[in-house]
Amino acid sequence: MKKIHIGLLGFGTVGSGMVKILLENREVIESRLGASLTLKWIAARDLEKDRGVAVDASLLTTDAEMVIDDPEIDIVVELIGGYEPSKRFILKAIENGKQIVTANKALLAAHGDEIFSAASRKGVEVGFEASVGGGIPLIRSIKEGLVANRIRGLFGILNGTANYILTKMTDQGEPFPKVLKEAQALGYAEADPTFDIEGIDTAHKLTILLSIAYGIPINFKAVYTEGISKVTPLDIKFMKEFGYRIKLLAISKDDGEAIEARVHPTLIPNDTMLANVNEAYNALYIKGDAVGNVMLYGPGAGMMPTGSAVVSDLVDVARNILNGTHGRVPLVGYQPASVKARRVKSIEELEAQYYFRFSAEDRPGVLSKISGILGKHQISIKSVHQKGRDLVGAVPIVMITHKAKEAGVRMALSEIDHLDVVKDKTILIRIEDER
Ligand code: NDP
Ligand code: HSE
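What you see as residue numbers is a count from 1 along each chain, following the sequence as written. Chain A is the first chain written and ligand 1 is the first ligand written, with later ones labelled in order. Only residues with pLDDT of at least 70 get local features here, since the model is predicted, and only at 80 or more are side-chain atom pairs given and counted; chain-wide, interface and lining totals rely on the full set of residues. Note: side-chain values were computed over all heavy atoms of the structure, leaving out hydrogens and water.

## With respect to the overall build of the protein
The helix and strand inventory of the protein stands at 14 helices and 17 strands. The atom set for the radius of gyration is the C-alpha atoms, and the globule formula is 2.2 Å times the number of residues raised to the power 0.38. For the protein, whose C-alpha radius of gyration is 24 Å, the value lies close to the compact-globule estimate of 22 Å for 435 residues. Taken over the C-alpha atoms alone, the protein extends approximately 80 × 45 × 35 Å along its principal axes. Any residue under 20% of the maximum accessible area for its type is buried, any over 50% is exposed, and the rest in between are partly exposed; the area is computed with a 1.4 Å probe on protein chains only. Sorting the 435 residues of the protein into buried and exposed places 54% on the buried side. At a minimum sequence separation of 6, the contacts of the protein that also span at least 24 residues come to 73%. For the protein, the computed accessible surface area is about 18,600 Å², with 52% contributed by carbon and sulfur atoms. Only four residue types enter the charge count: Lys and Arg as positive, Asp and Glu as negative, with His and the chain ends excluded. To locate a charge, the coordinates of NZ of Lys, CZ of Arg, CG of Asp or CD of Glu are taken. Side chains of the protein give 53 positive and 55 negative charges; the mean places of these two sets differ by 3 Å. Under the scheme used here, helices are H or I runs from DSSP no shorter than 4 residues and strands are E runs no shorter than 2 residues, and both carry numbers assigned from the N terminus. Contact definition: two residues touch when any of their heavy atoms are within 4.5 Å. Residue burial considers only the protein chains on display, and all accessible areas are found by Shrake-Rupley using a 1.4 Å probe.

Here it is, written out as structure tokens:
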């Protein structure tokens, strides 16, 4: 049986998952591929560390450059993460004519165009199925399964760590630091968990999806990003009373003229499908103009789910090697000459419903002052609850608005937060109701 030789860079959570799958599912993979995926090298820093998977010590090396330069290696798998040395390793491997598989969304969201251009020039593939949605085959579904469609919208829960934290805070009332530690122990979190919590990882993933959905160049800076670090148990309690769940959502809409691209904590009605995606599960709700609405759901992070996506890329790339072909599917799903920049709307252009929590003094006339300012900025109130007369000092006034323009909302809140009866910065959370 023909052997396809693999050099793995990085033997952490995802690398161990990939190796475990190659060992445990060897038979089924070979019977599908008609060739053997043979691990020749595994590069890591610490060769003594127990990875929970038994490999021959002769495969292990600390010398990633040696792996990249080995003429027998067909596919280099980069599972180190971060920007450097991963970028340098990938570009060198491309220069050496190796096929590439990576799960590194941070790198692709920053330098994807450079990596894809280098790979196209060299005629090699870059598989990145594991970079978005963990084990869910999102990338291939958009590039191939939905190829007939113009994509009109994307709504995604794309970060397992953030979804795990919000689920535990909502359902069990557990404190943020405790659940973050659990997510880290389960192998979901990034090396720097700020990326998970502050929405940066979700924005990296949305950046990649925007490119393959709309055929636009990689443009991370265009994605408006807010994380979940300011979500409080008090807001979770109030939003439950209004019939919402809170999710860190990646949202994009294409109205034909311009694109929306934003990541922020979002209230969604309890009875929507996305509201019921919990723990470290991810989901992407895709609006195609021909197919209608499609939702892909599954485990969004962790050793085995992500390893599964990496191995799917290995098989895909190996099939091309076996058939002596490449470029059958363009790297971002669009022919390079068709990739064109589009206008991305600023957050001020957004029109949405909002949840506000004001912290105000409990005395006559306060509510009318606040609603007067909202009215002046064309913001109409759908419902309002004033909570906790028994509390001393500031009391929370919670409001849901009808659709309003974000530019007006920002001006109104800035005026309201300067009122002497308002004691704290107003909490704003956007609401979406896509079904
Ligand atoms: P880990 O931190 O668990 O693993 C990183 C590995 O890289 C470690 O084995 C480390 O070695 C190795 N490494 C670091 N520097 C070098 C170097 N210079 N040469 C060789 N090896 C090196 O990360 P993950 O497995 O969690 O993540 C890997 C990638 O997959 C990242 O891009 C991440 O964003 C992405 N990803 C992760 C998911 C997850 O659920 N964890 C899901 C989807 C994508 P050592 O162990 O010896 O220190
Ligand atoms: N840290 C990421 C998450 C890993 O929690 O979703 C999967 O990309």
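## Some words on the pairing of strand β1 (residues 3-9)
Counting buried positions along β1 yields six of seven residues, so the element is predominantly enclosed. As defined by bridge partners, β1 adjoins strand β4 (residues 75-78) across four bridges and the pair is classed as parallel. Across the sheet, the residue bridging to Leu9 is Glu78, located in β4. Two strands qualify as a pair provided that DSSP identifies no fewer than 2 bridges between them.

## Structural notes on the site of ligand 2
By nearness alone, every residue bordering ligand 2 is listed as Lys105, Asn159, Gly160, Thr161, Tyr188, Ala189, Glu190, Asp196, Asp201, Lys205, Gly300 and Ala301. Between ligand 2 and Lys105, the relevant distance is 2.5 Å, taken from an oxygen atom to a side-chain nitrogen or oxygen of the residue. Polar contact is the term for a pair of N or O atoms within 3.5 Å; when the atoms are in protein, one must be able to donate a hydrogen and the other to accept it, and sequence-neighboring residues count only if both atoms are side-chain atoms. Thr161 is positioned with one of its side-chain polar atoms (N or O) 2.6 Å from an oxygen atom of ligand 2. Its free accessible area being 260 Å², ligand 2 has 94% of it covered by the protein chains. When contributions to the shell around ligand 2 are tallied by element, the ones reaching two or more residues are α7 (160-172) and α10 (200-214). Looking at the shell around ligand 2, its residues break down into three nonpolar, four polar and five charged. To be near a molecule or strand, a residue needs just one of its heavy atoms within 4 Å of it. The residue classification treats Ala, Val, Leu, Ile, Met, Phe, Trp, Tyr, Cys and Pro as nonpolar and Asp, Glu, Lys and Arg as charged. All others, Gly included, are polar.

## Here's the deal with helix α5 (residues 105-122)
Between the first and last residue of a helix there are one fewer steps than residues, each counted as 1.5 Å, and that sum is the expected span. Between its first and last C-alpha atoms α5 spans 22 Å; for 18 residues at 1.5 Å apiece the expected length is 26 Å, and the helix comes up short by more than 12%. The sharpest bend along α5 comes to roughly 85 degrees, located at His111. Among the residues of α5, those classed as buried are Lys105, Ala106, Leu107, Leu108, Ala109, Gly112, Ile115, Phe116, Ala118 and Ala119. Considering only its buried residues, α5 is in contact with α4 (86-95), β5 (99-102), β6 (126-127), α9 (194-197) and α10. Given a residue, its bend is the angle between the two axes fitted to the seven residues that end at it and to the seven that start from it.

## Considerations on the nonpolar core
Within this scheme, the nonpolar core is defined by two criteria: the residues are buried Ala, Val, Leu, Ile, Met, Phe, Trp, Tyr or Cys, and they are joined through side-chain atoms within 4.5 Å. One finds Leu209 and Ile228 to be the most contacted residues of the largest nonpolar core, which totals 76 residues. The biggest single contributor to this core is α10, with eight residues. Leave out the neighbours within four places in its chain, and Leu209 touches Val132, Ile139, Ile142, Leu154, Leu158 and Leu284.

## Overview of the site of ligand 1
Around ligand 1, a shell composed of 24 residues is seen, among which Val14, Asp46, Arg51, Glu190 and Gly302 lie nearest. The backbone of Phe11 places a nitrogen or oxygen atom 2.9 Å from an oxygen atom of ligand 1. Compared with its free state, where it exposes 900 Å², ligand 1 has 85% of that area covered by protein.

## A look at the packing of helix α2 (residues 26-33) against helix α12 (residues 303-323)
For any two helices packed against each other, one specifies the crossing angle of their axes together with the interaxial distance. One way to put it is that α2 packs onto α12 with a least axis distance of 11 Å and a crossing angle of 35 degrees. As α2 runs across α12, the sense of the crossing is right-handed. Between α2 and α12, the contacting residues are Ile29, Arg32 and Leu33 on the first element and Val311, Val315, Ala318, Arg319 and Leu322 on the second. Its residues assigned to classes, the contact of α2 with α12 shows six nonpolar, no polar and two charged. Where helices are involved, their axes are fitted lines through C-alpha atoms of the stretch in contact, as for all axes, and angles between N-to-C directions lie from 0 to 180°. Handedness of a helix crossing follows the sense of rotation of the near helix relative to the far helix, less than a right angle counterclockwise being left-handed and clockwise being right-handed.

## A closer look at the sheet that holds β5
On the basis of which strands lie adjacent, the open sheet formed by six strands has the order β3-β2-β1-β4-β5-β6 and parallel pairing. The open sheet is flanked by β3 (60-61) and β6, the only strands paired with a single partner. By the bridge criterion, two bridges tie strand β2 (residues 36-43) to β3 in an arrangement that is parallel. Bridging across to β3, Ile42 finds its partner in Leu60.

## Comments concerning α12
An ideal rise of 1.5 Å per residue puts 30 Å on 21 residues; α12 measures up with 30 Å between its terminal C-alpha atoms. Once α12 finishes, Gly324 follows within two positions and takes phi at roughly 60 degrees, a positive value.

## Focus: the side chain of Thr306
Here Thr306 lies in helix α12. For Thr306, a relative accessible area of 7% corresponds to the buried category. Discounting residues that sit within four places of it in the chain, Thr306 has contacts with Val14, Ala130, Gly134, Gly135 and Ala301.

Don't take any of this as a statement about function, it's just geometry.
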